[in-house]
Amino acid sequence: MTVLPSQAELTTQQAADALNVSRPFLIGLLDAGQIDYRTVGTHRRVKAASLIRYLREDDVRRLAAADALSAETRELGFA
């Protein structure tokens, strides 16, 4: 666990490390608009608050997917 001020700005590598994903995967998330960032010259900077928001939204998506799988398992009589 890393503690960061919410206004801290991270490089793409630092943000990827914080999410435990590859840098190219993070770039895809940035380009898709799933995580907010700004450019400084030719470099992207990601606010820690944007990462936290993405993680919370991702948790909600994962829980919804798990609930849907559980419901389908029950409907099919496997549980």
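Residues numbered from 1 in each chain as written. Predicted model: local features only at pLDDT ≥ 70, side-chain atom pairs only at ≥ 80, totals over all residues. Heavy atoms only, no water.

Draft legend 1. Region of interest: the overall build of the chain. On a plain count of helices and strands, the chain comes out with three helices and three strands. Listed by position from the N terminus, the elements making up the chain come as β-α-α-β-β-α. A compact globule built from 79 residues would reach a C-alpha radius of gyration of about 12 Å, whereas the chain, at 16 Å, exceeds it by more than 25%. Seen through its C-alpha atoms, the chain measures out along the principal axes to roughly 55 × 25 × 15 Å. Taking as baseline every contact in the chain between residues at least 6 positions apart, the subset at least 24 positions apart corresponds to 40%. Only carbon and sulfur atoms are counted for the fraction: they give 54% of the accessible area of the chain, which is about 5,800 Å². Both charge centroids of the chain, one from 10 positive and one from 10 negative side chains, sit 9 Å from each other. (Helix = DSSP H or I, 4+ residues; strand = E, 2+ residues; numbered from the N terminus. Rg over C-alpha atoms; globule rule 2.2 N^0.38 Å. Contact = heavy atoms within 4.5 Å. Areas by Shrake-Rupley, 256 points an atom, 1.4 Å probe, with all protein chains shown as cover. Lys, Arg positive; Asp, Glu negative; His and termini not counted. Charge placed at Lys NZ, Arg CZ, Asp CG, Glu CD.)

Draft legend 2. Fine view of helix H1 (residues 12-19). For H1, the complete set of buried residues consists of Thr-12, Ala-15, Ala-16 and Leu-19. Each buried residue of H1 lies within a common arc of 100° when the element is viewed along its axis, so the set occupies one face. Buried-residue contacts for H1 involve strand E1 (9-10), helix H2 (23-31), strand E3 (43-47) and helix H3 (48-75). Looking one or two residues beyond H1, the residue adopting positive phi is Asn-20, at roughly 60°. (Buried < 20%, exposed > 50% of the residue type's maximum accessible area, 1.4 Å probe, protein only. Arc of directions from axis to C-beta.)

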